[in-house]
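Remarks on the overall topology
One-letter residues, chain by chain:
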Amino acid sequence: MKAVREVEIINAKEELIRLVQQYQNLIFSICLKFTGDYFAAEDLTQETFLAAACHLDSFDGRAEKAWLCRIATNKCIDYRKSAARRMIPVAEEELPVMGSVENEPLQLVLTREAMKELESKCRSLPSPYAQVALNYFIKGQRADEIARQSGDKPKTIQTRIYRAREMLKKSYGKELLMR
């Protein structure tokens with residue numbers, strides 16, 4: 001029994017190493033775009049992979065890239081919320097002059113523009129995929145929630161999410177090539 005557990009631990013470590021090697025740059029870039037802070041992005045990248053390691057046994061192995069991106073996004077959102085809570089209002093003359101304040105509105109605008117662009121691309125997908133993509137990528141609904149609302153089977157929704165993601169990747173790829 002002990003030998004079986006040791007093999008499971010070794011397999012989990014190898015899987016985590018593979019995930020880190022394959023996706024660390026992607027996860028770091030997501031965290032950096034969200035926070036605008038290199039060091040916070042490094043920390044959030046580590047937290048993402050730590051969270052993934054903790055839940056690796058419950059992960060079904062499908063759509064690992066989306067799974068890791070979702071974890072990273074949630075970590076970034078939590079980071080922003082906690083950063084807002086840590087801010088204590090003080091008198092104006094006591095406020096330090098910070099150069100990064102200019103980047104916050106810019107980051108907000110860039111995030112909104114990216115979401116509008118994603119929503120536009122989701123709406124332009126063919127009929128069965130457009131609504132699923134909007135619900136999944138824009139509204140953040142899970143596949144089982146979308147299935148309940150639409151009356152379709154969860155597997156059907158998962159397939160549509162996968163295909164919509166592939167169509168969006170191609171759409172973004174074409175756009176990058178045209179720039």
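Residues numbered from 1 in each chain as written. Predicted model: local features only at pLDDT ≥ 70, side-chain atom pairs only at ≥ 80, totals over all residues. Heavy atoms only, no water.

Examined against the element boundaries, E119 turns out to sit in helix α4 (residues 103–123). Between the alpha carbons of E119 and K139 there is a distance of 9.9 Å; along the sequence they are 20 residues apart. Within the local environment of E119, its side chain forms a polar contact with the side chain of R123, the two groups lying 2.7 Å apart. (Helix = DSSP H or I, 4+ residues; strand = E, 2+ residues; numbered from the N terminus. Polar contact = N/O pair within 3.5 Å; in protein donor to acceptor, adjacent residues only side chain to side chain.)

Tracing the chain through its elements places R165 in helix α7 (residues 154–178). Of the side chains bearing the opposite charge, E166 lies closest to the buried R165, which forms no salt bridge; the N-O distance is 6.0 Å. When near neighbours in sequence (up to four residues on either side) are disregarded, R165 contacts A63, A66, Y136 and F137. (Buried < 20%, exposed > 50% of the residue type's maximum accessible area, 1.4 Å probe, protein only. Lys, Arg positive; Asp, Glu negative; His and termini not counted. Salt bridge = Lys/Arg side-chain N within 4 Å of Asp/Glu carboxyl O. Contact = heavy atoms within 4.5 Å.)

The next thing to look at is the environment of V20. Residue placement: V20 occurs in helix α1 (residues 2–35). By relative accessible area, V20 is classed as partly exposed at 25%.

Per-residue confidence for the protein chain gives a mean pLDDT of 79; residues scoring 70 or more make up 74%. Highest mean pLDDT in the protein chain belongs to helix α6 (residues 143–150) (91); lowest belongs to α4 (76). Taken as a whole, residues 90–95 scores under 50 in pLDDT and shows one contact with residues more than four places along the chain or in a different chain. (pLDDT = per-residue confidence, 0-100.)

It is worth spelling out the packing of aromatic side chains at this point. Evaluated as defined, the whole model comprises three aromatic pairs. Taken together, a centroid distance of 5.2 Å and an interplanar angle of 75° make the contact between F28 and Y38 edge-to-face. With F28 in helix α1 and Y38 in helix α2 (residues 38–54), this residue pair connects regions lying ten residues apart in the sequence. Between Y38 and F39, the ring centres sit 5.6 Å apart and the planes meet at 85°, which makes this aromatic pair edge-to-face. Looking at F39, the relative accessible area reads 57%, which means it is exposed. (Phe/Tyr/Trp six-rings, centres within 6.5 Å; stacked < 30°, edge-to-face > 60°.)

In this section: the nonpolar core. With 18 residues, the main nonpolar core has L19, Y23, I27, C31, F49, W67 and L68 as its most contacted residues. The set of elements that each furnish at least two residues to this core consists of α1, α2 and α3 (64–86). By residue number, the principal contributor to this core is α3, which donates six residues. Residues within four places of W67 in sequence aside, it is in contact with L19, A52, H55, L56 and F59. (Core = buried A, V, L, I, M, F, W, Y, C linked by side-chain atoms within 4.5 Å.)

Across all of its chains, the model carries eight salt bridges by this definition. For R18, the salt bridge goes to E15, with nearest N and O atoms at 2.7 Å. Placement of both R18 and E15 in helix α1 is noted, with a separation of three residues, approximately one turn of the helix. Residue D144 is joined to R142 by a salt bridge in which the shortest nitrogen-to-oxygen separation is 3.1 Å. With a relative accessible area of 48%, R142 lands in the partly exposed category.

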